[in-house]
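Observations on the three-dimensional arrangement
Chain residues, written in single-letter form:
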Amino acid sequence: MPVTLDGLGHTWPTGTELFRGVDRTLDDGTVTAVVGPSGSGKSTLLAILAGMLRPSQGAVRRPEGSRPFWVFQNPHGVAKRRVLDHVATPFLARGAHRRSADAAALEVLERFWLAHRAQARFAELSGGEAQRLMLARGLATRPDLMLVDEPTAQLDRATAHEVNCAITALAESGTVVVVATHDEDTRAACTSVLDLGQYR
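Let us look at the structure shown here. In this text, all values refer to a predicted model and were calculated from it rather than measured experimentally.

This next bit is on the environment of Leu125. For Leu125, the location among the structural elements is in the loop between helix 3 (98-111) and helix 4 (127-140). In this structure the C-alpha to C-alpha distance between Leu125 and Pro2, which are 123 residues apart in sequence, comes to 34 Å. Among all residues touching Leu125, those that are not within four sequence positions of it are Val83, Arg117, Ala120, Ala130 and Leu133.

Shown next, in the form of structure tokens:
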């Protein structure tokens, strides 16, 4: 279901205004890059979309009971847990049997070029693999809204390219995806752009 930003703005109690008057509808199956100079409020906007922060102006309208999922800048996984287990867990949580959960997890891993690493431990992954795993796990949770914060900020260019390809693949999921980024290649991998620098 679409997520609507209606006159959205935020000003800190100190009086520092980040952005104002943001009107945008984020449709299913779109990946929106949130860009702008440092301090323009990219991460703040993600926090507002996640429901963790109340905006000082306007509102975010999303379906009741919607489930956001946040992929943080630094991948957080369980060091000794297998790649497969990280993605199978959401299926198990929804009541799937282990065999069907593993099969479903492998299908998701295949979409992110990680099926061959299914038996590897999280601690054995490269930075790009770990970030792609977090995207895969996010997709497996079936969120209505996926928020991705600076996914390539800590990666070299070749590894960042792998992650950007995975971000492009997210558009096929039918989920609303929002990516905060400074990276021009990440911006190009998304289907639309929201430049907060234009809302100050």
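Read on for the rest.
Take the pattern of salt bridges next. Applying the stated criterion across every chain yields a total of ten salt bridges. With a closest N to O distance of 3.8 Å, Asp144 and Arg67 form a salt bridge. In this pair, Asp144 is assigned in the loop between helix 4 and strand 6 (145-149) and Arg67 in the loop between strand 4 (57-61) and strand 5 (68-71), connecting sequence segments 77 residues apart. A relative accessible area of 26% places Asp144 in the partly exposed class. Across the pair Arg157 and Asp185 runs a salt bridge, and its minimum N-O distance is 2.7 Å. Note that Arg157 is positioned in helix 5 (residues 157-170) and Asp185 in helix 6 (residues 184-189), a separation of 28 residues in sequence.

Turning next to helix 5. With 14 residues, helix 5 should cover 20 Å at 1.5 Å per step; its first-to-last C-alpha distance of 20 Å lies within 8% of that length. Residues Thr159, Ala160, Val163, Asn164, Ala166, Ile167, Ala169 and Leu170 constitute the buried set of helix 5. Against strand 3 (31-35), helix 3, helix 4, strand 6, strand 7 (176-180) and helix 6 lie the buried residues of helix 5.

Turning to the nonpolar core, a few remarks are in order. Within soluble globular proteins, side chains that are nonpolar tend to cluster in buried spots. By size, the foremost hydrophobic cluster in this structure holds 39 residues, and its most contacted members are Val87, Leu109, Phe112, Leu133, Leu135 and Met146. Ranked by residues supplied to this core, first place goes to helix 4 with seven residues. What Leu135 contacts, discounting residues up to four positions off in sequence, is Val71, Phe112, Met146, Val148, Val163, Ala166, Ile167 and Leu170. Listed in part, the 23 residues of the second largest apolar core include Val3, Leu145, Val176 and Tyr199.

Before going further, it helps to examine unusual backbone geometry. Residue Trp113 is not a glycine yet carries a positive backbone phi of 55°. The topology assignment puts Trp113 in the loop between helix 3 and helix 4. One non-glycine residue with positive phi stands out, namely Glu150, at about 45°. Within the secondary structure, Glu150 sits in the loop between strand 6 and helix 5.

Attention shifts here to the packing of aromatic side chains. For the structure on display, the rule yields one aromatic pair. Seen in terms of ring centroids, Trp70 and Phe72 are 5.4 Å apart; in terms of plane orientation they differ by 10°. Their pairing is stacked.

Before going further, it helps to spend a moment on helix 2 (residues 83-93). In terms of residue burial, helix 2 counts as a mostly covered element, since eight of its eleven residues are buried. Elements that come into contact with the buried residues of helix 2 comprise helix 3 and helix 4. Backbone geometry just downstream of helix 2 places Gly95 in the positive-phi region, at approximately 100°.

On to the sheet that holds strand 7, then. Read across the sheet, five strands follow the order 5-6-7-3-8 without closing on themselves; strand pairing throughout is parallel. Looking at strand neighbours, the two that pair on one side only are strand 5 and strand 8 (192-195), the edges of this open sheet. Each adjacent strand pair in this sheet contributes to an overall mean axis angle of 20°, direction not counted. Sheet topology places strand 6 next to strand 7; five bridges connect them, and they run parallel. Paired with Asp149 across the strands is Ala180, a residue of strand 7. Sitting on the sheet, helix 1 (residues 42-50) is in contact with strand 3, strand 5, strand 6, strand 7 and strand 8, with an inclination near 155° to strand 6. Running at roughly 175° to strand 5, helix 4 makes contact with strand 5 and strand 6 of the sheet.

Conventions we followed
Residues numbered from 1 in each chain as written. Predicted model: local features only at pLDDT ≥ 70, side-chain atom pairs only at ≥ 80, totals over all residues. Heavy atoms only, no water. Helix = DSSP H or I, 4+ residues; strand = E, 2+ residues; numbered from the N terminus. Contact = heavy atoms within 4.5 Å. Salt bridge = Lys/Arg side-chain N within 4 Å of Asp/Glu carboxyl O. Buried < 20%, exposed > 50% of the residue type's maximum accessible area, 1.4 Å probe, protein only. Expected span 1.5 Å × (residues − 1). Core = buried A, V, L, I, M, F, W, Y, C linked by side-chain atoms within 4.5 Å. Phe/Tyr/Trp six-rings, centres within 6.5 Å; stacked < 30°, edge-to-face > 60°. Pairing = 2+ DSSP bridges. Axes fitted to C-alpha atoms, helices over the stretch in contact; angles between N-to-C directions.

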